[in-house]
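What the coordinates show
Below, each chain spelled out in residue letters.
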Amino acid sequence: MTKAELPPYDVNNLELAEVGEQRIAWAEREMPVLRQIRERFSEEKPLAGIRIGACLHVTTETANLILALQDGGAEVRLCASNPLSTQDDVAAALVTKHHVSVFAKNNEDNETYYNHIKATVDHQPHITMDDGADLVATIHREKRELLPQIIGGTEETTTGVIRLKAMAAENALEYPIAAVNESDTKHLFDNRYGTGQSTLDGIIRATNVLLSGKTVVVAGYGWCGRGLATRARGMGAKVIVTEIDHLRALEATMDGFEVQTMEHAAKTGDIFITATGNRDVIGPDIFKLLKNGAMLANSGHFDNEIDVKNLEETSEGKRQIRGSVTQYNLNDGRKIYLLSEGRLVNLAAAEGHPASVMDMSFANQALGIEWLLENASNLKKIVYTLPHEIDHEIARMKLNAMDISIDTLTDIQERYLASWEGGT
Ligand code: ADE
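Our subject in this report is the structure included herewith. Every value quoted in this text rests on a predicted model; they were computed, and no experiment measured them.

1. Re the environment of Asn292
With respect to the secondary-structure elements, Asn292 resides in the loop between α12 (284-287) and β11 (295-298). Residues Asn292 and Arg334 lie 42 residues apart in sequence; the distance between their C-alpha atoms is 4.7 Å. Contact partners of Asn292, with chain neighbours within four places excluded, come to Gly333, Arg334 and Lys335. Within the structure, the side chain of Asn292 is placed 2.7 Å from the backbone nitrogen of Lys335, a separation counted as a polar contact.

Okay, structure coming up:
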């Protein structure tokens with residue numbers, strides 16, 4: 001492709017395309033469900049004529065999703081959903097090898113991040129795909145004239161779904177959203193096993209720390225926190241969970257974790273990982289209590305779980321000590337290590353969730369878009385969970401690809417389950 005034939009783009013380095021292409025193919029091996037959807041989309045073209053604006057982490061897995069949508073007939077423009085998560089080689093490969101319009105640069109500043117979202121909005125999408133709801137929020141705030149042509153949108157994350165439900169509750173949401181995160185084949189796997197593994201991967205790549213014998217404090221016992229705590233324990237760490245919800249705290253306790261307040265845990269933790277979806281989880285009061293050498297990492301969508309601004313203001317100095325580690329010198333002589341600037345450590349310091357779980361998340365994205373298009377005329381301006389049939393079909397396809405068979409109910413068992421007369 002000559003430069004003139006390339007789609008509109010803004011990426012860091014087109015010369016990385018060859019490496020990106022190989023890595024996209026490597027991820028594809030672990031995405032059999034998405035592969036089958038892509039094959040069907042290629043034949044049926046259910047997305048013909050549809051412009052999609054996607055604001056997602058630009059990774060090898062996302063590339064495979066975008067290619068499936070493109071094969072389904074869609075014209076996709078992609079921007080990053082986080083300034084630090086873009087894999088520049090993938091962005092280059094999408095532009096040069098697949099003619100996808102990409103606006104994403106690793107390490108882009110805030111202004112560029114939003115300019116890239118605006119470029120995606122300028123594509124005038126019929127469908128939006130979001131990871132954190134920045135694209136939806138930008139359109140609702142700044143480009144309301146586009147709203148009437150938008151058929152619907154999908155949302156990938158817990159954080160984004162919370163934000164969009166808040167919009168819907170205020171009657172501010174102007175088109176229907178399929179909340180991919182709410183599918184069982186998404187959060188039970190991606191949030192638990194994906195975040196669990198990739199967050200520890202990010203911490204290890206950033207620091208090369210041995211988890212065994214360390215005290216790891218996990219803030220939040222949602223699906224991400226559950227996965228994180230379990231995997232950290234599996235690697236030999238002593239795990240403390242902090243929570244604000246009684247039920248979840250009870251569950252963590254019965255799962256065998258120590259539950260403490262953050263104030264209490266602050267004094268003993270070696271590594272802190274936030275996964276709450278809320279702001280100010282670790283702030284000035286906690287910084288005062290941390291042990292010398294404590295490490296802070298965030299795995300929540302936004303970089304506001306750790307109060308980095310306060311850490312900046314109250315430290316005597318800071319130093320980039322390794323690629324993804326900043327050392328903060330506190331005025332009492334303690335040193336605190338912040339990973340990946342408090343942004344999601346699994347994507348900033350590692351490669352995000354492995355392809356095998358993104359396979360199911362992105363199958364939900366692809367089928368979610370198809371569902372939005374098929375049901376457009378009946379949908380309200382609210383946040384929907386995708387139908388159980390889609391969830392079950394994805395689980396069936398995944399098991400099938402893993403060569404795992406399950407039993408089926410006999411007729412008698414079916415009737416038994418549907419009746420109330422049998423008893424003691
Ligand atoms: N979110 C978490 N991991 C991801 C990945 N590998 N690709 C895209 N989005 C992600």
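That was the structure; now back to the text.
2. So, the sheet that holds strand β8 (residues 238-242)
Read across the sheet, eight strands follow the order β9-β8-β7-β10-β11-β14-β13-β12 without closing on themselves; strand pairing throughout is mixed. The open sheet has two free edges, formed respectively by β9 (258-259) and β12 (315-322), since each of these has just one partner strand. The sheet contact formed by strand β13 (residues 325-330) and strand β14 (residues 335-339) spans five bridges and is antiparallel. Looking at β14, one finds that Val325 is bridged to Leu339.

3. A word on the site of the ligand
As a matter of local geometry, the ligand sits amid His57, Thr59, Glu61, Thr62, Leu347, Glu351, Gly352, His353, Met358 and Phe362. Between the ligand and Thr59 there is a distance of 2.7 Å, counted from a nitrogen atom to a side-chain nitrogen or oxygen. A distance of 2.8 Å is found between a nitrogen atom of the ligand and a backbone nitrogen or oxygen belonging to His353. Protein coverage of the free-state accessible area of the ligand, which is 260 Å², stands at 95%. Broken down by secondary-structure element, the contributors of at least two residues to the shell around the ligand are α3 (60-71) and α15 (355-375). Within the shell around the ligand, the residues separate by chemical class into three nonpolar, five polar and two charged.

4. Brief notes about empty space enclosed by the protein
Applying the stated criterion to the full structure yields one cavity of 30 Å³ or more. Of the pockets and cavities examined, the largest cavity occupies roughly 40 Å³. Along the walls of the largest cavity sit Glu28, Met31, Leu34, Arg35, Arg38 and Asn64, which together make up its complete lining. With three residues, helix α2 (residues 32-44) is the single largest residue contributor to the lining of the largest cavity.

5. Notes on the sheet that holds strand β5 (residues 152-155)
Reading across the sheet, the seven strands line up as β3-β2-β1-β4-β5-β6-β15 and stay open at both edges, with parallel pairing between neighbours. If you trace the sheet from one side to the other, it starts and ends with β3 (101-103) and β15 (383-384), each paired once. In the sheet, strand β2 (residues 75-80) pairs with β3 via three bridges, with the strands oriented parallel. Paired with Leu78 across the strands is Val102, a residue of β3. Against the sheet, helix α5 (residues 110-121) makes contact with β1 (51-56), β2 and β3, and its axis sits at roughly 170 degrees relative to β2, the strand it touches most.

6. Let's talk about the packing of aromatic side chains
Under the defined criterion, the tally for this structure stands at four aromatic pairs. Look at Phe189 and Tyr193: their rings are 6.2 Å apart centre to centre, the planes differ by 45 degrees, and that puts the pair in the tilted class. Of this pair, Phe189 and Tyr193 both sit in helix α8 (residues 184-207), four residues apart, which is roughly one turn of that helix. Assessed through its relative accessible area of 28%, Phe189 is described here as partly exposed. With relative accessibility at 35%, the residue Tyr193 sits in the partly exposed group. In this structure, Arg29 packs its charged tip against the face of Trp26, placed 4.2 Å from the ring centre. A cation sits over an aromatic face here: Arg226 above Trp223, 4.1 Å from the ring centre.

7. Topic: the packing of α2 against α15
The N-to-C vectors of α2 and α15 enclose an angle of 25 degrees; their axes lie 8 Å apart at closest approach. The angle between the axes of α2 and α15 places the two elements in the roughly parallel class. Relative to α15, α2 is oriented so that their crossing is left-handed. Residues Pro32, Val33, Leu34, Ile37, Arg40, Phe41 and Glu44 of α2 form the contact with α15, whose own contacting residues are Asp359, Phe362, Ala363, Ala366, Leu367 and Glu370. Residues of the contact of α2 with α15, tallied by class, amount to nine nonpolar, no polar and four charged.

Cut-offs and rules
- Residues numbered from 1 in each chain as written.
- Predicted model: local features only at pLDDT ≥ 70, side-chain atom pairs only at ≥ 80, totals over all residues.
- Heavy atoms only, no water.
- Helix = DSSP H or I, 4+ residues; strand = E, 2+ residues; numbered from the N terminus.
- Contact = heavy atoms within 4.5 Å.
- Polar contact = N/O pair within 3.5 Å; in protein donor to acceptor, adjacent residues only side chain to side chain.
- Pairing = 2+ DSSP bridges.
- Near = heavy atom within 4 Å.
- Areas by Shrake-Rupley, 256 points an atom, 1.4 Å probe, with all protein chains shown as cover.
- Nonpolar A, V, L, I, M, F, W, Y, C, P; charged D, E, K, R; others polar.
- 1 Å grid on protein atoms, 1.4 Å probe; cavity = no way out; pocket = protein on both sides within 12 Å on 5 of 7 lines; lining within 4 Å.
- Points joined across faces, edges and corners; volume = space filled by probe spheres on them.
- Axes fitted to C-alpha atoms, helices over the stretch in contact; angles between N-to-C directions.
- Phe/Tyr/Trp six-rings, centres within 6.5 Å; stacked < 30°, edge-to-face > 60°.
- Buried < 20%, exposed > 50% of the residue type's maximum accessible area, 1.4 Å probe, protein only.
- Lys NZ or Arg CZ within 6 Å of the ring centre and 35° of its normal.
- Parallel < 35°, antiparallel > 145°, perpendicular 65-115°, else oblique.
- Left-handed = near helix turned anticlockwise from the far one by under 90°.

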